[in-house]
Amino acid sequence: MGSAVITARAAATFEPVGRSVATARAFVRDTLQGWGHGDIVDDAVVLTSELVTNAVVHAGTAADVLCLRTDHGVRISVADRYPEREIPLQNSGQIFAHPDREGGRGLLLCGALAARWGVEYTAAQKHVWFQLDLPERPAGTRSAGPALPVDALPVADTRVRVAVIQIDRGGCVSFWNDDARDLFAYDPEQVIGKPLTDFAAWPHTPGTGTGIAEALQLSRWEGSYGIRGADGRVIPVYASHLRVRDADGEASTVCLLVRDHERAILQSPQRTPAPDTLSQTAQSEGRSSDPFEVFIGSPAPDDLDGLLQRTVERARDMLDGDAAYLLLATDDETELEVRASTGLPSARQRFARVPVEAGSGRYGSARMPAVHEDLTAVPGAVPLLSGTGMRSVVTVPLKVEGRLTGSLGVAAEGPGRYTNEEALRLQFAADRIALAVERARLTELEKLRRGSLSFLVEASDLLAGTLDRDQTLALMAQMTVPTLATWCAVYTVADQASEPELSYVLHEDEDRIDGLKTLLTKVDPPEPVPTPGARVWTAPSDAAHDAALRTSLRSLGLGHSARPSTGPGATLATASAVGGETVVLPLVARNRVIGMLTLGKPTEEHFRQEILELAEDLSRRAALALDNSRLYSERTAISQSLQRSLLPPEEPNIPGVEVEVIYRAAGEGNEVGGDFYDIFPIRDGAYGFAIGDVCGTGPEAAAVTGLARHALRLLAREGFGGPAVLERLNAAILDEGPRSRFLTLLYGELWPQPDGSALLKVVCAGHPLPLRLRQDGTVEPAAEPQPLLGVMDDLELYEQTVTLDPGDVLLCVTDGITERREGTRMLGDDGLTDVLTTCTGLTAGAVAARVLRAVERFAAEPASDDMAILAMRVPEVQAG
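Summarised in this report is the structure supplied together with it. (Residues numbered from 1 in each chain as written. Predicted model: local features only at pLDDT ≥ 70, side-chain atom pairs only at ≥ 80, totals over all residues. Heavy atoms only, no water.)

1. Some points on the overall build of the protein
As a reminder, the rule being used: Secondary structure is summarised from DSSP: a helix means a run of H or I of at least four residues, a strand means a run of E of at least two, and numbering begins at the N terminus for each. Think of it in three bands: with a 1.4 Å probe and only protein chains considered, a residue is buried below 20% of the maximum accessible area for its type, exposed above 50%, and partly exposed in between. For accessible areas, the Shrake-Rupley method is used with a probe of radius 1.4 Å. Any residue's cover is judged against the shown protein chains and nothing else.
Along the backbone of the protein there are 21 helices and 34 strands. For the protein, buried positions account for 45% of its 880 residues. For the protein, the exposed area adds up to about 44300 Å²; of that, 50% sits on carbon and sulfur atoms.

Written as structure tokens, this is what we have:
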């Protein structure tokens with residue numbers, strides 16, 4: 001770090017698993033935000049993501065992330081623990097990979113984004129570090145006046161009082177300080193919550209159309225009016241208004257007021273003379289002046305929005321206009337986007353787009369200065385001013401090296417206010433600020449693109465982390481609201497013949513979701529067009545306004561009757577929520593439209609072009625994730641359906657015998673594996689039962705399971721005895737050739753007897769022996785071992801006869817039970833015998849449940865093999 005002083009430190013270690021990348025990004029983001037360095041968060045997150053991915057995914061080691069803050073910037077290092085690597089040689093001729101390739105991209109990004117970076121090797125670690133410098137923040141005096149003799153200073157009262165009044169978005173007083181109480185004789189409780197218009201005496205100056213309501217909506221305003229005091233007299237005041245918003249985005253206006261004769265306390269410096277006059281004055285005094293600083297003031301705002309707002313305010317003041325606006329050109333120069341205005345409803349017009357060649361004739365073009373003496377004579381010449389009451393306007397282009405970068409306009413309410421002379425003055429100013437505006441725009445665009453890259457990295461990580469369709473839909477909406485849009489709706493298309501279906505709706509205000517969903521269900525869905533890019537969709541806005549109008553008209557005719565539940569309040573709120581621009585982006589995956597992503601803004605708001613481009617990138621990633629979840633769901637459903645077809649139907653009710661079966665298939669999403677069971681009627685009074693284990697698990701083993709189960713039923717019902725059934729099944733398995741697998745099988749036939757006992761004939765072909773539990777607690781094998789199936793062609797099998805007396809239990813299991821392991825320990829036949837010994841007097845269901853519980857408790861890890869338990873019990877004969 002050189003001589004830099006470390007002022008803060010944070011470190012963390014991340015395990016070599018995929019989810020660590022997202023955790024590392026969150027760690028760096030939270031650390032830098034906590035240090036107050038939000039300006040460099042996006043770059044730091046992108047670089048950390050790439051370097052941690054290299055460590056935990058590609059190198060397969062843990063990653064150590066260290067964040068250091070100094071007085072010059074922030075240094076972040078990522079270290080992995082994989083020492084067996086070649087140390088790169090200087091001048092080795094190595095060429096970095098292409099940015100689109102996976103390998104080497106982290107170092108390319110370090111070279112592009114970091115102020116300094118490097119790689120350090122030790123015997124056990126490799127460190128990749130990068131440093132991001134903190135942006136310089138200009139500090140200095142905004143304005144200053146010369147030192148004056150005391151007798152030349154403005155006169156003020158001995159006790160100077162500055163009333164501080166805050167006005168909420170509804171125009172009502174929300175704060176009233178002590179000086180306001182002293183000046184106007186109102187206590188705070190007398191005025192808080194009441195409109196400012198109840199106390200303000202606003203001057204009605206001819207030719208000035210700005211009222212107090214409009215003044216409170218402007219970003220800044222200064223001027224004189226009166227306040228009616230508690231005694232009814234009007235007190236002349238000079239006021240300075242500043243429009244602000246709190247951390248929750250709620251807008252209000254702060255008003256500072258002094259007595260009018262003390263206006264020097266608040267009044268801003270006098271307007272700057274025209275640029276040409278200033279230039280001549282500076283030359284006559286032998287001083288050099290920067291025309292940009294002359295027009296904007298020094299120091300200039302260091303952000304684009306502040307610079308543009310200062311520009312329109314100075315342009316309006318310079319030409320004594322009622323309104324001014326500035327538009328910036330899109331990259332292809334075909335449209336202009338509103339970025340700043342004063343004296344116009346800026347909240348409604350911001351980011352609105354108009355064509356460059358709007359209007360008729362050369363005066364409608366933004367590429368050259370234009371003067372309109374009366375807009376009513378040329379309707380539509382300046383679309384931005386339609387319906388604003390402005391009559392005359394002068395517009396000039398902003399150009400950099402001959403390329404159109406924007407347009408600056410000043411308008412007035414009266415006709416004939418501007419001539420070519422004003423156009424020349426405004427063009428002179430525009431030429432001086434065009435380069436600074438373009439430089440600030442490019443800086444903002446670069447920050448936005450870096451932030452977009454970070455956003456897409458996290459979005460891709462979230463989308464890739466789930467294969468659940470509903471969760472994917474929810475993630476798509478939650479990533480766009482409120483980051484990209486105020487509300488979002490996702491439509492899905494099942495197939496080409498299906499209509500789009502509204503699948504998910506989200507609004508940043510949860511109270512608006514139900515109304516929005518109801519509205520969208522009544523509107524025909526957008527057409528699923530595969531054309532890339534965002535297209536405007538007006539149906540929701542039109543439908544919402546029509547519904548609001550109809551509801552309002554109905555409410556007017558209700559008289560004193562109760563309002564309907566869906567009254568004008570809810571309808572108007574929904575109309576306001578969707579009243580802005582709405583765009584539709586297709587969700588295209590594998591050359592098929594699988595849905596539409598719909599994004600919307602509230603009343604009169606528009607999307608920035610950069611936001612639409614980011615939304616388009618997101619829609620491509622979301623479409624692939626949604627289609628992957630669809631394919632996964634379909635294949636899972638097919639797999640589960642096929643697996644369920646391999647399971648036997650419900651067990652038959654065997655008179656005089658209790659039967660209980662428990663089956664557990666190993667592997668996520670598997671319902672059937674290599675273990676299987678079956679109980680079925682053969683003929684009147686005779687029942688077959690089987691429990692077997694195919695070598696292996698999963699779908700391949702399940703295929704042999706299906707063959708075995710169906711063959712057993714068919715052969716037994718044809719009248720073959722146990723040995724003949726298994727010999728024919730053995731031949732069928734061997735006929736499968738390379739797909740065949742060996743099989744252990746316990747097969748038996750059962751005959752309930754009139755005396756309450758049960759007669760069994762069993763064949764145990766390589767399977768764990770069945771265990772018989774007698775009433776006195778003794779446990780013994782109920783059969784002898786014989787060769788397994790699927791290995792030899794010629795088998796000589798025999799069956800054994802077992803009689804279950806009342807109270808006896810026959811327990812049959814697969815080797816997933818007996819081979820249950822915990823480290824080097826195994827449950828085994830002895831362990832199973834010990835468990836069964838404790839089951840005297842239990843029902844068949846209780847015996848099977850106790851065995852399963854003992855197996856699960858034997859080891860903490862999940863079972864890695866299929867398990868099947870078949871318990872049969874002959875109930876005790878009830879006396880009398």
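2. Things to note about the pairing of strand β7 (residues 173-176)
Put simply, the test is: Pairing between strands requires that DSSP locate at least two bridges from one strand to the other.
One ladder, built from three bridges, connects strand β6 (residues 163-167) with β7; its direction is antiparallel. Bridge assignment links I167 to a residue of β7, and that residue is V173. Hairpin connection, β6 to β7: the antiparallel pair is bridged by five residues, and G171 has positive phi, about 85°.

3. Some details on helix α9 (residues 304-318)
Note the threshold: To estimate the expected span of a helix, subtract one from its residue number and multiply by 1.5 Å.
With 15 residues, α9 should reach 21 Å at 1.5 Å per residue; the first-to-last C-alpha distance of 21 Å fits that figure. Counting buried residues in α9 gives eleven out of 15 residues, a clear majority hidden from the surface. For α9, the full list of buried residues reads L304, L307, L308, Q309, R310, T311, V312, E313, A315, R316 and M318. Looking at the residues trailing α9, positive phi occurs at D320, about 55°.

4. A word on the sheet that holds strand β5 (residues 126-133)
Where we set the bar: Working convention: axes come from line fits to C-alpha atoms, limited for helices to the stretch in contact. Angles between N-to-C directions cover 0 to 180 degrees.
Taken in spatial order, the five strands make up an open sheet running β1-β2-β3-β5-β4, and their pairing is antiparallel. Two strands bound the open sheet, and with one partner strand each, they are β1 (6-14) and β4 (116-121). This sheet shows a mean twist of 15° between the axes of neighbouring strands, independent of strand direction. Relative to strand β2 (residues 63-70), β1 runs antiparallel, the two sharing eight bridges. For I6, the partnering residue across the bridge sits in β2 and is T70.

5. Here we look at a nonpolar patch on the surface
For clarity, the threshold we go by: Exposure above 30% relative accessible area and the lack of any salt bridge qualify a residue for a patch; like charges then connect within 9 Å, and the nonpolar side chains Val, Leu, Ile, Met, Phe, Trp and Tyr within 5 Å. Put simply, a salt bridge is a Lys or Arg side-chain nitrogen that is within 4 Å of an Asp or Glu carboxyl oxygen.
A cluster of nonpolar side chains, namely L148, V150 and L153, defines an oily patch on the protein surface of about 310 Å² accessible area. Position of V150 among the secondary structure elements: in the loop between β5 and β6.

6. With respect to the sheet that holds strand β10 (residues 234-245)
With respect to topology, six strands assemble into an open sheet ordered β7-β6-β11-β10-β9-β8, the strand pairing being antiparallel. The open sheet has two edge strands, β7 and β8 (200-201), and neither has a second partner.

7. What to know about a negative patch on the surface
To keep it simple, the criterion reads: The sign given to each residue is positive for Lys and Arg and negative for Asp and Glu; His and the chain ends receive no count. In plain terms, the charge of a residue is placed at NZ if it is Lys, CZ if Arg, CG if Asp and CD if Glu.
On the surface, a cluster of negative charge is contributed by E727, D793, D794 and E796. Looking at the secondary structure, you find E796 in the loop between β29 (779-781) and β30 (800-804).

8. With respect to the side chain of T342
Spelled out, the test is: Under the rule applied, a polar contact is a pair of N or O atoms within 3.5 Å (in protein, one hydrogen donor and one hydrogen acceptor; residues adjacent in sequence only if both atoms are side-chain atoms). Contact criterion: two residues are considered in contact whenever any of their non-hydrogen atoms come within 4.5 Å of each other.
Along the chain, T342 turns up in strand β13 (residues 335-342). What makes T342 buried here is its relative accessible area of 3%. There is a polar contact of 3.0 Å between the side chain of T342 and the side chain of R316. Ignoring anything within four residues of it in the chain, the contact list for T342 reads Q309, V312, E313, R316, D322, A323 and A324.

9. Overview of the pairing of strand β26 (residues 743-752)
The side chains of a regular strand alternate between both faces of the sheet. Counting buried residues along β26, nine of its ten residues qualify, which places the element largely inside the surrounding structure. As paired elements, strand β25 (residues 686-694) and β26 share eight bridges and run antiparallel to each other. By the bridge assignment, I691 is partnered in β26 with L746. Pairing of β26 with strand β27 (residues 758-765) involves eight bridges; the strand directions are antiparallel. The residue bridging W751 from the neighbouring strand is L759, located in β27. What sits between β26 and β27 in their antiparallel hairpin is a turn of five residues, with G756 showing a positive phi close to 95°.

10. A closer look at the pattern of salt bridges
Enumeration over the complete set of coordinates arrives at 32 salt bridges. The salt bridge involving R75 is made with E120; its shortest N-O contact spans 3.7 Å. Placement of the pair is R75 in strand β3 (residues 73-80) and E120 in strand β4, with a sequence separation of 45 residues. Salt bridges here are not isolated pairs; linked through shared partners, they connect R161, D178, R181 and D182.

11. What about the packing of helix α1 (residues 20-34) against helix α2 (residues 41-58)?
Selection rule: Reported orientations rely on four angle classes, namely roughly parallel under 35 degrees, roughly antiparallel over 145, roughly perpendicular from 65 to 115, and oblique for the rest. Crossings are assigned a handedness: left-handed for a near helix turned anticlockwise from the far helix by less than a right angle, right-handed for a clockwise turn.
Viewed as axis vectors pointing N to C, α1 and α2 meet at an angle of 150°, and their least axial separation amounts to 9 Å. As summarised for this structure, α1 and α2 are arranged roughly antiparallel, according to the angle between their axes. Remark: the crossing between α1 and α2 carries right-handed chirality. Two secondary-structure elements touch here, α1 through S20, V21, A24, R25, V28, R29, L32 and Q33 and α2 through V41, D42, A44, V45, T48, S49, V52, T53, V56 and V57.

12. A look at the environment of T838
The residue T838 is located in the loop between α20 (828-837) and α21 (844-858) in this model. When the C-alpha positions of T838 and V851 are compared, they lie 9.9 Å apart, and in sequence the two are 13 residues distant. A polar contact of 2.6 Å, which involves the side chain of T838, links it to the backbone oxygen of V835.

13. Considering the packing of helix α11 (residues 420-464) against helix α12 (residues 469-480)
Condition: Residues were grouped as follows: Ala, Val, Leu, Ile, Met, Phe, Trp, Tyr, Cys and Pro as nonpolar; Asp, Glu, Lys and Arg as charged; and all remaining residues, including Gly, as polar.
At a minimum axis distance of 10 Å, the contact between α11 and α12 shows a crossing angle of 165°. Relative to α12, the element α11 lies roughly antiparallel. Here α11 and α12 pass one another in a crossing that is right-handed. When α11 is examined against α12, the residues F455, A459, L462 and L463 are found in contact with a partner set consisting of T472, L475, M476 and M479. Its residues assigned to classes, the contact of α11 with α12 comprises seven nonpolar, one polar and no charged.

14. Topic: the environment of E616
By the element assignment, E616 lies in helix α16 (residues 609-646). For E616, a relative accessible area of 22% gives the class partly exposed. C-alpha separation for the pair E616 and L597, spaced 19 residues apart in sequence, amounts to 9.4 Å. Not counting residues up to four positions away in its chain, the partners in contact with E616 are P532, G533 and L585.

15. Quick word on unusual backbone geometry
Looking along the chain, the bond that leaves V481 and enters P482 is cis, with omega of 0°. With respect to the helices and strands, P482 occurs in the loop between α12 and β18 (487-492). Positive phi is not limited to glycine here, since D320 has a value of about 55°. Within the secondary structure, D320 sits in the loop between α9 and β12 (323-329).

16. Here we look at the packing of aromatic side chains
In plain terms, the rule: Pairing of aromatic rings covers Phe, Tyr and the six-membered ring of Trp, with a centre-to-centre limit of 6.5 Å; geometry is then stacked below 30 degrees between planes, edge-to-face above 60, and tilted otherwise. Sitting over a ring, as applied to charges here, requires NZ of Lys or CZ of Arg to be within 6 Å of the ring centre and within 35 degrees of the ring normal.
Per the stated rule, a full pass over the model turns up seven aromatic pairs. Through a chain of ring-to-ring contacts, the aromatic side chains of W176, F184, Y186 and F199 assemble into a single cluster. Taking the ring centre of W129 as reference, the NZ or CZ of R75 above it sits at 4.2 Å.

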